Amino acid sequence: MNAQVLLAATLICGMPFAHAQHKHVHGEGRLDAVIDEGSISLDVELPLDAVVGFERAPKNDKQKAALAGAEKILNDAATLWQPTPAAGCSVQSVQVGMPKFDGEHADIDANYVFHCADPAELKAIETTLFKHFKRLYRLETQRSGPVGQGAQRLTPKKPVLVW
Amino acid sequence: MTHSVDQAIRIKELTYRWPRQCADCLAISHFAVAHGERVFLHGPSGSGKSTLLALLGGVALPQTGRIELLGQPLTALSAHARDRFRADHVGFVFQQFNLLPWLSARDNVLLPCIFSTRRRERAGDPQQAAARLLTHLDLAPALWQKPAAELSVGQQQRVAAARALIGQPGILIADEPTSALDAPRQQAFIDLLLAETAAANAALLFVSHDVRLAAHFDRTVALAEVNCAATEAAT
Amino acid sequence: MRAVLLLALKSAWARRLTLGIALVAIALASALLLAVERVRSDARASFTQSVSGVDLVVGARSGAVQLMLYAVFHSGSATNNMRWESFEALATHPAVDWAVPLSLGDGHRGFPVLGTSAAYFDRLRYGDRQALTFSAGKPFAEVFEAVLGSEVAAQLGYRPGDHITLSHGMAELGPEHADKPFTVVGILAPTGTPVDRTVHVDLAAITAIHLDWAGGAPLPGLAIPAEQVRKFDLQPQEITAMLIGLKSRGDVFRLQRHINGYRGEPLLAVMPGVALDELWQTLATVEQTLFALSALVVAVGLAGLTATLLAGLNERRRELAILRALGAGPREIFMMLTVEGLLVTALGVFLGAALLAAGIVTLGPLLREYGVHLALRPPAANEWGLVVSILTTGLLASLVPGWRAWQISLADGLTPRN
């Protein structure tokens, strides 16, 4: 019976191939998280629209300022990501790739690496992305970590990645 | 008049009115039953009999006046304490359906010992006390283990009497206990009851509408005479 | 107090028929609710257990869940094949620790046959990263040797040394590869995963039994005896899928992107744990609906209990008056009624759990075919949570008749009004 349910679900939702295919949904970001032996690597892809409210090249000073403000927030890894305090994690590297405005849709890609002193204590990572970017309403997360792989949908109400 | 401690039941200047009724349904200026005394209270239905029983049982409290059982003013006790007092000191026999039908005759007799430590202790060995009472009340041992529902009405009333008597409560109150019995059995039952209350040295208040039963009692009182409320309503 | 409770028990026993009906309703409802929860959590656990050591499942491009279900659970519809060259290229990728090919499509008496390499037995992990172990025999070393999952061996009564023939396709009566029998050389210990229901053979054997076949049927006039197959190149052209384990967990997303953009052919790399979670996400609504419905059934059962107790109360007015005359307070009366309801609820939940256990014993094997292993085990924390909430609701449902009895005993005093 269960397999039939599974199959039905498969057929209904179709599950279009490959999560890693770059599909662009407004207000929806993606997060790939690897938790491995004391290090956390977070790959984030955010639609520009969800971050600053537009997705073309900035037209005026106000939009330029918004873009610069967003970049500043995105570079503040310690504020954006809060791993379990007991794990003693600290920021190791931050890379924020602001869009080049060449295609139809503009995305921001960012990578954050943390190092944790006590990886056994690491149980969750909370993000403040939703507080900073109100137009972002969903972060589809894939995770590979000590207890295996998993997918989780982070939202403003549930901004914590747990495993 | 004797001192109140010597009285089993003593009522003074009592009035009672059921909730949401404008007239008193019971007003007794004085009524008393002495220790070991056996009183026939003549009370046809509507004379305030149920109310008096509720007051004596302590499940209702008078608006004014005193009601003392064995020297203890009931009005001074909490509801819980009145329940305890009733369990300890008063045995009741009702008109019929006195028994829990799903318990055996013997277990029905033993019920007061569940609710009252005092009566359990006074009964000595409760099982033996129950056996003795049932034997005295003329119930064949073969019937003791039967569920109460399978006994005849007369047998049930005798089991009820045994239950009221176990653990020697100071007061026995019987409310029309014979009305479901035929005439010959009525007299036999009353004889048994009188003998057993005498043996237990308990006061007996026997309430009935049937005056013919009054002959064997120490004293007969008509409720209509002591109840001023009824008198007033009647006149 | 104990004696009063005993009295309540005796009184309840006297009304065992009506209470029994309420009890059965609660038992069935509890069993349903517990079963929904058990199947939900055990399905998740057994699916997750099956993929614990695999970082990526790779196959021809199709649906992620479809690929994973077919490759790992051998259920659902078959996917296209991927080329052997792609397997070789990916297996030697620097990030890849191990790679195992999977070739599906044949069966043996309803059990799927998996063509793979001997590395499968070393590399595959299940449950809490446990390795496969043999309860008898050893891995296959020759072309026509087979290793059976525990359930295959148990159900069909095979031992090492027995001979089996494979059939083409999963149908029990599909055309047989009767000319090329296999020798059972090993039987795996139970894992609680689809491995238990799989017949494992060497990948080369899959090629070998199809040498003289074309389009799903033997080629007329061409029969290659089993002894001769070794003269042929038994390297497959295509396989169904492959499992990949990585040297470092951190490479998973990078390699996944690499495979999804693979130049040789359109491939799909699935992180099995992610695909399962996504599947659960889409199934969450169905689960919640089922759960809500069964919770509602429990509520109906408990409402039935309240109704039964309330209805019985009118007939028990005399009983209550007798207890009052004996010295029982309204509190004790209230307690007797409440305890009675709570007791029926507790018995009902207990009976429901027993029913669930009986159901697992009788129906569990059926679900195994779909990769769901229901274990006979004491309730887990979440099930205790359900039990406690049923009991709490039962208590609330019993407070109603308790409160009513309190009222009646206060109003009636020593003389019941009818």
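What you see as residue numbers is a count from 1 along each chain, following the sequence as written. Chains carry letters and ligands carry numbers; both start at the beginning, A for chains and 1 for ligands, and go up in the order they are written. It should be noted that, the model being predicted, local features are given only for residues of pLDDT at least 70 and side-chain atom pairs only at 80 or more, the latter also being counted only at that level, while totals for whole chains, interfaces and linings use all residues. Heavy atoms from the whole structure form the basis of all side-chain values; hydrogens and water molecules are not counted.

For chain C, an unreviewed UniProt entry supplies the name Outer membrane-specific lipoprotein transporter subunit LolC and the organism Accumulibacter regalis.

In the nomenclature of an unreviewed UniProt entry, chain A corresponds to DUF2796 domain-containing protein from the organism Accumulibacter regalis.

Student: Help me understand the overall build of chain C in this model?
Tutor: Here a strand is any run of E in DSSP of at least two residues, a helix any run of H or I of at least four, and the numbering for each starts at the N terminus. The number of helices and strands found in chain C is 12 helices and 17 strands. Over its C-alpha atoms chain C spans a radius of gyration of 30 Å, topping by over 25% the 22 Å that the globule rule assigns to 418 residues. Here chain C holds 418 residues, and the buried ones make up 53% of them. When checking whether two residues touch, look at their non-hydrogen atoms; a contact exists if any pair is within 4.5 Å. Nonlocal contacts in chain C, meaning residues at least 24 apart in sequence, comprise 78% of its contacts between residues at least 6 apart. Just so you have it, chain C exposes about 17700 Å², and 62% of that area is on carbon and sulfur atoms. Note on charges: Lys and Arg go in the positive column, Asp and Glu in the negative column, and His and the chain ends are not counted at all. To locate a charge, the coordinates of NZ of Lys, CZ of Arg, CG of Asp or CD of Glu are taken. Chain C carries 33 positive and 34 negative side-chain charges, and their two centres are separated by 14 Å. A radius of gyration in this sense is built from C-alpha atoms; the matching globule rule multiplies 2.2 Å by the number of residues raised to 0.38. Relative accessible area decides the class of each residue, using a 1.4 Å probe on protein chains only: under 20% of the type maximum gives buried, over 50% gives exposed, and in between gives partly exposed. Shrake-Rupley sampling with a 1.4 Å probe provides the accessible areas, and residues are treated as covered by the protein chains on show and by no other component.

Student: Just checking my understanding: could you explain the state of the cysteines for this structure?
Tutor: Put plainly, two cysteines are in a disulfide when a covalent bond ties their sulfur atoms together. Residue and element names in this part refer to chain A. Disulfides are defined in this document as cysteine sulfur pairs within 2.5 Å. Tallied over the entire structure, the rule returns one disulfide over all chains. There is a disulfide in this structure between C89 and C116, and the S-S distance comes to 2.1 Å. Taking the sign of the S-S torsion, 105 degrees for the link of C89 and C116, the bridge is right-handed. Of this pair, C89 sits in strand β4 (residues 89-97) while C116 sits in strand β5 (residues 107-116); the two residues are 27 residues apart in sequence, bridging distant segments of the chain. C116 gets classed as buried once you look at its relative accessible area, which sits at 3%.

Student: Got a minute to help me understand the sheet that holds strand β3 (residues 38-42) of chain B in this structure?
Tutor: By definition, the strands of a sheet pair up through backbone hydrogen bonds, in either a parallel or an antiparallel sense. Residue and element names in this part refer to chain B. Reading across the sheet, the five strands line up as β6-β7-β8-β3-β9 and stay open at both edges, with parallel pairing between neighbours. What marks the edges here is a single partner per strand, and that holds for β6 (90-93) and β9 (219-222). Averaged over all pairs of adjacent strands, the angle between their axes in this sheet comes to 20 degrees, without regard to strand direction. Pairing geometry for strand β7 (residues 171-175) and strand β8 (residues 203-208), over five bridges, is parallel. Following the sheet pairing, D175 is matched in β8 by V207. The strands that helix α2 (residues 79-89) touches are β6 and β7; relative to β6, the one it contacts most, it runs at about 75 degrees. Where helix α6 (residues 153-165) meets the sheet, it contacts β6 and β7, and its direction lies at approximately 170 degrees from that of β6. When DSSP finds two or more bridges between two strands, those strands count as paired. Lines fitted to C-alpha atoms define the axes here, with helix axes fitted over just the stretch in contact, and angles between the N-to-C directions of these axes take values from 0 to 180 degrees.

Student: It is not clear to me how the pairing of strand β1 (residues 28-36) of chain A should be interpreted in this structure. Could you clarify?
Tutor: Within a regular strand, the side chains alternate between the two sheet faces. All names here are of chain A. Most of β1 sits out of view: nine of its nine residues are buried. In β1, alternate side chains face the same way, and those of E28, R30, D32, V34 and D36 on one face and G29, L31, A33 and I35 on the other are all buried. As paired strands, β1 and strand β2 (residues 39-47) are joined by seven bridges and run antiparallel to one another. Bridge pairing in β2 places D36 opposite S39. Two successive antiparallel strands, β1 and β2, enclose a turn made up of two residues, where E37 displays a positive phi of approximately 40 degrees.

Student: It is not clear to me how the nonpolar core should be interpreted in this structure. Could you clarify?
Tutor: Note that soluble globular proteins tend to have their nonpolar side chains buried in a common cluster. Core analysis: the largest hydrophobic core is formed by 61 residues, its most contacted members being L102, Y120, L132 and L243 of chain C. A domain assignment, automatic or from a database, supplies the domain bounds used here. Counting only domains with at least three residues in this core, you end up with domain 1 (2-47 + 283-412) and domain 2 (56-270) of chain C. Filtering out sequence-adjacent residues up to four positions away, Y120 of chain C remains in contact with V100, L102, L114, L132, V195 and H200 of chain C. Membership of the second largest hydrophobic core comes to 39 residues, among which are A105, L181, I190 and F217 of chain B. Take the buried residues of types Ala, Val, Leu, Ile, Met, Phe, Trp, Tyr and Cys, join any two whose side-chain atoms come within 4.5 Å, and each joined set is a nonpolar core.

Student: It is not clear to me how the interface of chain B and chain C should be interpreted in this structure. Could you clarify?
Tutor: As a measure of interface size, the accessible area lost when the parts come together is often cited. Facing 24 residues of chain B, the contacting portion of chain C comprises 22 residues. Note on definitions: buried area is the accessible-area loss of two parts on being combined, 1.4 Å probe, summed for both. Both faces considered, chain B and chain C share a buried interface measuring about 2000 Å² in area, 70% of it formed by carbon and sulfur atoms. For the chain B face of the interface with chain C, the top three residues by lost area are V59, W102 and F115 of chain B, together amounting to 31%. We count a salt bridge whenever a side-chain nitrogen from Lys or Arg sits within 4 Å of a carboxyl oxygen from Asp or Glu. Counting across the chain B and chain C interface gives three salt bridges.

Student: Would you take a moment to explain unusual backbone geometry for this structure?
Tutor: If a residue is not glycine, its phi is most likely negative; likewise, a peptide bond is most likely trans. The backbone of E176 of chain B sits at a positive phi, close to 50 degrees, despite the residue not being glycine. Structurally, the position occupied by E176 of chain B is in the loop between β7 and α7 (183-200).

Student: Would you mind showing me how to read empty space enclosed by the protein here?
Tutor: Which parts of space are left empty comes out when a probe the size of a water molecule is rolled across the atoms. Grid points spaced at 1 Å and placed over the protein atoms alone form the basis of the search, with a cavity being a set where a 1.4 Å probe fits but cannot get out and a pocket an open set showing protein on both sides within 12 Å along at least five of seven lines. Lining residues have an atom within 4 Å of a point. Grid points are joined across faces, edges and corners, and a volume is the space filled by probe spheres set on the points. The full count for this structure, using the stated rule, is three cavities of 30 Å³ or more. Put simply, the largest cavity is a space of about 120 Å³. A71, V72, Y120, L124 and V195 of chain C are the residues nearest the centre of the largest cavity, which is lined by 13 residues in total. Here the lining of the largest cavity is composed, by residue class, of nine nonpolar, four polar and no charged. What lines the second largest cavity is simply V90, G91, F92, P112, R119, R163 and A164 of chain B together with A325 and L326 of chain C. Elements that contribute at least two residues to the lining of the second largest cavity include exactly β6 and α6 of chain B. If one sorts the elements of the lining of the second largest cavity by residue count, β6 of chain B sits on top with three residues. Side-chain classes are defined by residue name, with Ala, Val, Leu, Ile, Met, Phe, Trp, Tyr, Cys and Pro counting as nonpolar, Asp, Glu, Lys and Arg as charged, and the others, Gly among them, as polar.

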